[in-house]
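# Residue-level structure breakdown
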Amino acid sequence: MTIFEVVEELKEKYGTTDPFVLCEYLGVKVSVSPLGSLKGLYTYIDNEPVIIISSTIKRIPQLLVCGHELGHHVLHSNIAMQGALREFTFFNMRDKTEAEANRFLANLNIDDDELDALFREGRSVTEAAQILCFPEELLNIKIADMVRRGYEYENYSGNIRLF
């Protein structure tokens, strides 16, 4: 099953894209605490899955961090049982587990049809990001995933830095 399919199944089953609500449904405890330079981490404490989000970031970035760490829970819980998965660089696409968690986040938050419609209207990634209220990096991750699934865009350059 692809990351897109996993996300679609979760959205259909639970009727939400809110990562905090999904964590409740999936039995993942979420805590907001000081984390120093980390934005978030996913780990197991007493055999229970836990996402810890930095208390120094605002609500919208907390949603993004929670969604990313939820991606680790859904896709990489076996790795987390061996030790914490840490968010060193947001939107890191060089590490496989981080890239997969970022793709999970992009698919959870950004609707294919909505983004595709904006591009068909001639909007740029920057404009679409402003309209959708998401970082351009997240849209680039989503676009790359959509292209892998068959969407075609004239200005796609073969990597996640588009337009």
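Because the structure is predicted, anything quoted here is derived from the model rather than measured. Position numbers for residues start from 1 in each chain and track the written sequence from start to end. Local features in this predicted model are restricted to residues whose pLDDT is 70 or higher, and side-chain atom pairs enter the listing and the counts only when it is 80 or higher, whereas totals over whole chains, interfaces and linings include all residues. Side-chain measures here rest on the full set of heavy atoms in the structure, leaving out hydrogens and waters.

### Details of the pairing of strand 3 (residues 48-54)
Buried, partly exposed and exposed residues are distinguished by accessible area as a fraction of the type maximum, computed with a 1.4 Å probe on protein chains only: under 20%, between the cut-offs, and over 50%, respectively. Secondary structure elements follow DSSP: runs of H or I of four or more residues count as helices, runs of E of two or more count as strands, with numbering from the N terminus. Along strand 3, six of the seven residues are buried, which leaves the element largely enclosed by surrounding structure. Across five bridges, the pairing between strand 1 (residues 29-33) and strand 3 is parallel. Bridge pairing links Val32 to Ile53 in strand 3. Two strands pair when backbone bridges link them, and strand 2 (residues 40-45) and strand 3 are joined in this way by six bridges, in the antiparallel orientation. Counted as the bridge partner of Ile45 is Glu48 from strand 3. We call two strands paired when DSSP finds no fewer than two bridges between them.

### Quick look at the environment of Gly67
With respect to the helices and strands, Gly67 occurs in helix 3 (residues 59-80). Overall, Gly67 belongs to the buried group, its relative accessible area being 0%. Expressed as a C-alpha distance, the spacing of Gly67 and Leu22, which sit 45 residues apart in the sequence, is 9.0 Å. In this description, contact between two residues means that some pair of their heavy atoms is separated by no more than 4.5 Å. Beyond its immediate sequence surroundings of up to four residues, Gly67 is in contact with Pro19, Phe104, Leu105 and Leu108.

### Things to note about helix 2 (residues 19-26)
Those residues of helix 2 that sit buried are Pro19, Phe20, Leu22 and Cys23. Buried positions in helix 2, seen along its axis, are confined to an arc of 160 degrees and lie on one side of it. Definition of a polar contact: a pair of N or O atoms within 3.5 Å, with one able to donate and the other able to accept a hydrogen when the atoms are protein atoms, and with sequence-neighbouring residues admitted only if both atoms are side-chain atoms. The backbone nitrogen of Phe20 has a side-chain oxygen 2.7 Å away, supplied by the residue at the start of helix 2, namely Asp18. Note on helix 2: the residue one or two positions beyond its end, Gly27, has a positive phi of about 75 degrees. The arc under discussion is defined with respect to the helix axis, by the directions toward the C-beta atoms.

### A look at the pattern of salt bridges
In the sections that follow, a salt bridge refers to a side-chain nitrogen of Lys or Arg positioned within 4 Å of a carboxyl oxygen of Asp or Glu. Summed over all chains, the structure comprises nine salt bridges. Residues Asp112 and Arg149 are paired through a salt bridge, measuring 2.7 Å at the closest nitrogen-oxygen approach. Of this pair, Asp112 sits in helix 5 (residues 112-120) while Arg149 is found in the segment after helix 7 (136-148), placing the two residues 37 residues apart along the sequence. Overall, Arg149 belongs to the partly exposed group, its relative accessible area being 31%. One network of salt bridges, in which partners are shared, links Arg103, Asp112, Lys142, Asp145, Arg148 and Arg149.

### Considering the packing of aromatic side chains
Under the pairing criterion, centres of Phe, Tyr and Trp rings, with the six-membered ring standing for Trp, must be within 6.5 Å; the plane angle then separates stacked pairs below 30 degrees from edge-to-face pairs above 60, leaving the rest tilted. Within the structure shown, the criterion is met by four aromatic pairs. On the numbers, 4.7 Å between centres and 20 degrees between planes, the contact of Tyr14 with Tyr25 is stacked. Residue Tyr14 is located in helix 1 (residues 3-14), and its partner Tyr25 is located in helix 2; the two are separated by eleven residues in the primary sequence. Measuring from centroid to centroid gives 5.3 Å for Phe119 and Tyr153, while their planes differ by 70 degrees, and the two rings are edge-to-face. Of this pair, Phe119 sits in helix 5 while Tyr153 sits in the segment after helix 7; the two residues are 34 residues apart in sequence, bridging distant segments of the chain. Take Phe119 and Tyr153: they sit in the same class, and that class is buried. Through a chain of ring-to-ring contacts, the aromatic side chains of Phe119, Tyr151 and Tyr153 assemble into a single cluster. Counted as over-ring charges are cases with an Arg CZ or a Lys NZ within 6 Å of the ring centre that also lie within 35 degrees of the ring normal. In this structure, Arg149 is placed above the aromatic ring of Phe4, and the distance from its NZ or CZ to the ring centre is 3.6 Å.

### Some words on the confidence of the model for the protein chain
Predicted coordinates in regions of low pLDDT should not be interpreted in detail. Mean pLDDT over the protein chain works out to 86, with 85% of the residues at or above the 70 mark. Confidence drops under a pLDDT of 50 for residues 158-163, and excluding neighbours within four residues, the segment shows 14 contacts in the predicted structure. Per-residue confidence from the prediction method is given by pLDDT, with values spanning 0 to 100.

### Thoughts on unusual backbone geometry
One non-glycine residue, Asp46, adopts positive backbone phi at about 50 degrees. When you line up the elements, Asp46 lands in the loop between strand 2 and strand 3. We note that Asn47 has phi near 65 degrees; this positive angle belongs to a residue other than glycine. Take Asn47: it is sitting in the loop between strand 2 and strand 3.

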